[in-house]
Each structure stands twice: as C-alpha cells, then as structure tokens.
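Structural overview for review
Listed here are the chains, written in short residue letters.
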Amino acid sequence: MDSRERLLAALSWDEPDQVPFTTYDWFLPRGANERAIRELGLEEAVECRGWIPREELLELYRCARGFVYPSLFEGFGMPVLEALAAGVPAACSGIEPLRSLASGHALLFDPEDDDSMLDALRRLLAGEAPRTGSEYARRFTWARAAELTLQVLEDAYRRKSSS
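Residues numbered from 1 in each chain as written. Predicted model: local features only at pLDDT ≥ 70, side-chain atom pairs only at ≥ 80, totals over all residues. Heavy atoms only, no water.

1. Considering the packing of aromatic side chains
In total, this model carries 4 aromatic pairs according to the counting rule given. For the pair Y61 and F67, a centre-to-centre distance of 5.8 Å together with 65° between the ring planes defines the contact as edge-to-face. Overall, F67 belongs to the buried group, its relative accessible area being 7%. An aromatic cluster of three or more residues is present, and its members are Y61, F67 and Y69. (Phe/Tyr/Trp six-rings, centres within 6.5 Å; stacked < 30°, edge-to-face > 60°. Buried < 20%, exposed > 50% of the residue type's maximum accessible area, 1.4 Å probe, protein only.)

2. As for the side chain of S71
Mapped onto the secondary structure, S71 falls in the loop between β3 (67-69) and α4 (78-85). Under the relative-accessibility criterion, S71 is labelled buried at 11%. Within polar-contact distance, the side chain of S71 engages the backbone oxygen of F73 at 2.6 Å. (Helix = DSSP H or I, 4+ residues; strand = E, 2+ residues; numbered from the N terminus. Polar contact = N/O pair within 3.5 Å; in protein donor to acceptor, adjacent residues only side chain to side chain.)

3. Comments concerning the sheet that holds β3
Taken in spatial order, the 3 strands of this open sheet run β3-β4-β5, and their pairing is parallel. Strand pairing shows two members of the sheet lacking a second neighbour, β3 and β5 (107-109), which therefore form its edges. The mean angle between the axes of side-by-side strands here comes to 15°, regardless of whether they run parallel or antiparallel. The pairing of strand β4 (residues 90-93) with β5 spans 3 bridges and is classified as parallel. Residue pairing for β5: A91 is matched across the bridge by L107. Against the sheet, α4 touches β3 and β4, its axis set at about 165° to β3. (Pairing = 2+ DSSP bridges. Axes fitted to C-alpha atoms, helices over the stretch in contact; angles between N-to-C directions. Contact = heavy atoms within 4.5 Å.)

Quick look at the structure:
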C-alpha cells in the first residue's frame, strides 16, 4: 500500500463521513486514487480531482480545515509551502526535505506508518497543528531564490577563477 492509499485508509478508519476530502494528484496514473477510494467505500467522503487551476486551488486552500501531504519522495515540497502560505494547517511526511521545510510549522508523520499518519490526521482535525505557516512561507519568494542562486553561481565562478 502506498502513502496515498494509507491516508485514504486512515480516513476510512476514522468516521469518513465527518471529513470531506479532496485529492489532486495530477501525476498519478488515471484511476489510481479512484480505485482505492472505491475499495475503501469512501465515495461520499472523497472528491478526486486531476489538475486544478491556480485560482481554484487557492479557493480550496481557503476553505480547507487542513492539508495532508503523504509523500514518500520529494524534491522540495512546493505543495506544502503553498498550503502553509495560504494559512492552512498542514501535516506532511517527515521525510527530507519536508522535515527541514515544514518542521515547527506543520505536523510531521511517518508516511509508511499507518498509526503515525492517523495520529497526525486526528491532531490536524482537532486543531493541534501549528498556525505559523503563513508568516513563515513569506520568506520563500522567487526574488530571494534568484538572489541565492546568483550568489551560488558567483561563488562558484570566484572559486574556479582563483584555482
């Protein structure tokens, strides 16, 4: 069972009719989530979406009680940062780089441990997630990313020139 299926299973264990849930996996094979949703009897609780336009995604964040990201592999964690920037309480995998990105601003869980994921989901819905994400996420801007990238390139150029 992969981490998305574990999250859906956690929903089925914990009164699914109490938790409307939207998933937006645009990178999965067509039907992967739908199959797990059907097998777990969560058709009424889970809305499965494909690609969501930015304006609609921001509206989903605005209306969300929480954001859960059960990734097993991550390059940076942009979806978690987007949710935090929108002020949504979040829970995500405690893997790197998510642990470094979101520690102290989101609940962290082991994406391969059902109990850990369920505990984070319950805590998130109980309002126990940190609410500092919006302020924290303001540090991450494209201008700052460009400045840091330029600094790394200039440092590499200076080292190469001096050798």
